[in-house]
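Residues per chain are reported as follows:
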Amino acid sequence: MHLDTQQLPTLQDYLRRLGWLDNQEIISSVETPGKENLNYTIRVTTPFRSLIIKQSREYFEANPALAAPANRAVIEGRFYQEIQPIPMLASAMPLLMGVDRENNILVLEDLGNVRDYTFLYEPDQFLSEADTLTLTNYLSELHYHFTTQVPDPIFANPDMRLLNHEKIFSFPFLQANSVDLDTVQPGLAELALPYKRDMALKKVVRQLGQVYLADSFPAQSGQSYQAASTKTLLHGDFHPGSWLQTQQGHIKLIDPGFCFYGPAEFDLGVLIAHLMIAQQPSTTLDTVLTSYLKPAGFDETLRQRFTGVEIMRRLIGAAQLPLSLSIDQKRSLLDESRQMLQ
Ligand SMILES: Nc1ncnc2c1ncn2[C@@H]1O[C@H](COP(=O)(O)OP(=O)(O)O)[C@@H](O)[C@H]1O
Ligand SMILES: [Mg+2]
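Residues numbered from 1 in each chain as written. Chains lettered and ligands numbered in written order. Predicted model: local features only at pLDDT ≥ 70, side-chain atom pairs only at ≥ 80, totals over all residues. Heavy atoms only, no water.

### Describing the pattern of salt bridges
Here is step 1: Summed over all chains, the structure comprises 15 salt bridges.
Here is step 2: As a salt-bridge pair, Arg 49 and Asp 22 come within 3.4 Å of each other at their nearest N and O atoms. In this pair, Arg 49 is assigned in the loop between strand S2 (40-45) and strand S3 (50-55) and Asp 22 in the loop between helix H1 (8-17) and strand S1 (29-31), connecting sequence segments 27 residues apart.
Here is step 3: On the basis of relative accessible area, Arg 49 is assigned to the partly exposed category, the value being 32%.
Here is step 4: Ionic pairing is found between Arg 303 and Glu 300, a salt bridge with its closest N-O pair at 2.5 Å. Taken together, the positions of Arg 303 and Glu 300, both in helix H12 (residues 300-316) and three residues apart, correspond to about one turn of that helix. (Salt bridge = Lys/Arg side-chain N within 4 Å of Asp/Glu carboxyl O. Helix = DSSP H or I, 4+ residues; strand = E, 2+ residues; numbered from the N terminus. Buried < 20%, exposed > 50% of the residue type's maximum accessible area, 1.4 Å probe, protein only.)

Here it is as structure tokens:
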């Protein structure tokens, strides 16, 4: 079954067959919410309901030339299943309606045609205290409830981790890569160059990348990276593009396709990085850092390093954000992130 908005009868039959629509229920419209991204995500509307249906394929939608693990929607579905027993976590995400493992399809409650939180990157947009606390409590609960020595092997999620590893820890630091930073913003290439030439920095980033990858391929390669002290279930992609603002004005979290058992410092580091890139006041960062319930062994230096590398890769790598920062603002963020990567 290949989801296709152009093939409505096939789609309708499929959804009825799996029981996501009633037998007589007719699709009134189909649309693609958000922009084309990793997966094929559609909204199906009938007179009775609307559903979000997400299919993962063996490539990324936005870049079909890039091979990707086809079962990532199933892994994402497992994350939704795993967090169901924890009311705070379940209520902070859309309801899981079903998973079709055979076709790598995930069906979720539709939160409506709502905006994500990338508006925070615009000037003078601020995360409310309530939202800040929801995000922080979400990570506290997730990291508290799913600490284990023996995780479900599906959460090793090695292929997605390898892809993210390349995007975060490798590609942005290559002197000759395919991104012309001056097309992002004139002067950015020159600003980035010293970091790409900084051997000490690159060594720290390489080691950090190994912490990120630790235990991803235990059986296959026999490689054993130094695992972080605390391993817990991570969301794995905790930035404003994965946060939606419901019609009631609440924040909900989506898109845990990069989830894995790893260092809690990674999720927290990424969150802080995006708050910094979005120029949020230090009081917001303080709220996160003081209200987050640190798991035993939580390493603040490691958290800062993950923050540093996330800032750098978003500014000088390929996964650019819709920012309106000046070159001077980027320079000071890069300076700050370099300090975090000592
Ligand atoms: N449950 C949902 N309710 C409403 N809109 C959603 C929901 N899930 C996803 N979307 C919309 O679809 C877009 C892509 O979803 P996402 O899970 O981020 O896919 P991808 O894995 O391709 O990044 C989101 O940015 C959002 O606009
Ligand atoms: Mg997404």
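The rest of the description comes next.
### Observations regarding the pairing of S3
Here is step 1: Of all six residues in S3, five are buried; the element is thus mostly enclosed.
Here is step 2: The antiparallel hairpin formed by S2 and S3 contains four residues in its connecting segment.
Here is step 3: For S3 and strand S7 (residues 105-109), the ladder comprises five bridges, and the chain directions are antiparallel. Across the sheet, Ile 53 pairs through a bridge with Val 107, a residue of S7. (Pairing = 2+ DSSP bridges.)

### A few points about helix H8 (residues 199-213)
Here is step 1: If you check H8, its first and last C-alpha atoms are 21 Å apart, about what 15 residues at 1.5 Å a residue would give, namely 21 Å.
Here is step 2: Among all positions of H8, only Leu 201, Lys 202, Val 204, Val 205, Leu 208, Gly 209, Val 211, Tyr 212 and Leu 213 are buried.
Here is step 3: The N-capping residue of H8, defined by a side-chain oxygen 3.2 Å from the backbone nitrogen of Ala 200, is Asp 198.
Here is step 4: Directly beyond the C-terminal end of H8, a positive phi value near 60 degrees is found at Asp 215. (Expected span 1.5 Å × (residues − 1). Polar contact = N/O pair within 3.5 Å; in protein donor to acceptor, adjacent residues only side chain to side chain.)

### Side note on the site of ligand 1
Here is step 1: Neighbouring ligand 1 are 17 residues, the closest being Asn 39, Lys 54, Glu 109, Leu 111 and Asp 255.
Here is step 2: Within the contact set of ligand 1, an oxygen atom lies 2.9 Å away from a side-chain nitrogen or oxygen of Asp 255.
Here is step 3: Here ligand 1 has 550 Å² of accessible area as a free molecule, and 93% of this is covered by the chains.
Here is step 4: Broken down by secondary-structure element, the contributors of at least two residues to the shell around ligand 1 are S2 and S3.
Here is step 5: By residue class, the composition of the shell around ligand 1 is seven nonpolar, five polar and five charged.
Here is step 6: Here the shell around ligand 1 gathers at least three residues from each of two domains, domain 1 (8-109) and domain 2 (117-340). (Near = heavy atom within 4 Å. Areas by Shrake-Rupley, 256 points an atom, 1.4 Å probe, with all protein chains shown as cover. Nonpolar A, V, L, I, M, F, W, Y, C, P; charged D, E, K, R; others polar. Domains from an automatic or database assignment.)

### Some words on the domain arrangement of the protein
Here is step 1: As far as domains go, the protein holds domain 1 (8-109) and domain 2 (117-340).
Here is step 2: Taken over C-alpha atoms, the centre of domain 1 sits 26 Å from the centre of domain 2.
Here is step 3: Taken together, the contact between domain 1 and domain 2 spans 22 residues of the former and 27 residues of the latter.
Here is step 4: Summed over the three residues of domain 1 that lose the most area to domain 2, namely Ile 75, Phe 79 and Met 88, the buried surface amounts to 27% of that side.
Here is step 5: The interface formed by domain 1 and domain 2 holds two salt bridges in total.
Here is step 6: As a salt-bridge pair, Asp 255 and Lys 54 come within 2.9 Å of each other at their nearest N and O atoms.
Here is step 7: If you look at where domain 1 meets domain 2, you find four residue pairs in polar contact (both at pLDDT 80 or more).
Here is step 8: Looking at the side of domain 1 that touches domain 2, the elements that each hand over two or more residues are helix H2 (72-83) and helix H3 (87-91). (Contact = heavy atoms within 4.5 Å. Buried area = accessible area lost by both parts, 1.4 Å probe.)

### Quick look at the packing of aromatic side chains
Here is step 1: Taken as a whole, this structure holds 13 aromatic pairs when the rule is applied.
Here is step 2: Geometrically, the ring pair formed by Tyr 212 and Phe 260 is edge-to-face, given 5.1 Å between the ring centres and 70 degrees between the ring planes. In this pair, Tyr 212 is assigned in helix H8 and Phe 260 in strand S11 (residues 260-263), connecting sequence segments 48 residues apart. Take Tyr 212 and Phe 260: they sit in the same class, and that class is buried.
Here is step 3: The interplanar angle of 55 degrees and the centroid separation of 6.2 Å between the aromatic rings of Phe 260 and Phe 266 together place this pair among those described as tilted. This pair shows no difference in class: Phe 260 is buried, exactly as Phe 266 is.
Here is step 4: Site record: aromatic cluster; members linked through ring pairs are Tyr 117, Phe 119, Tyr 138, Phe 238 and Trp 243.
Here is step 5: In this structure, Arg 57 is placed above the aromatic ring of Tyr 40, and the distance from its NZ or CZ to the ring centre is 4.2 Å.
Here is step 6: The ring of Phe 119 is capped by Arg 115, whose NZ or CZ atom sits 3.6 Å from the centre of that ring. (Phe/Tyr/Trp six-rings, centres within 6.5 Å; stacked < 30°, edge-to-face > 60°. Lys NZ or Arg CZ within 6 Å of the ring centre and 35° of its normal.)

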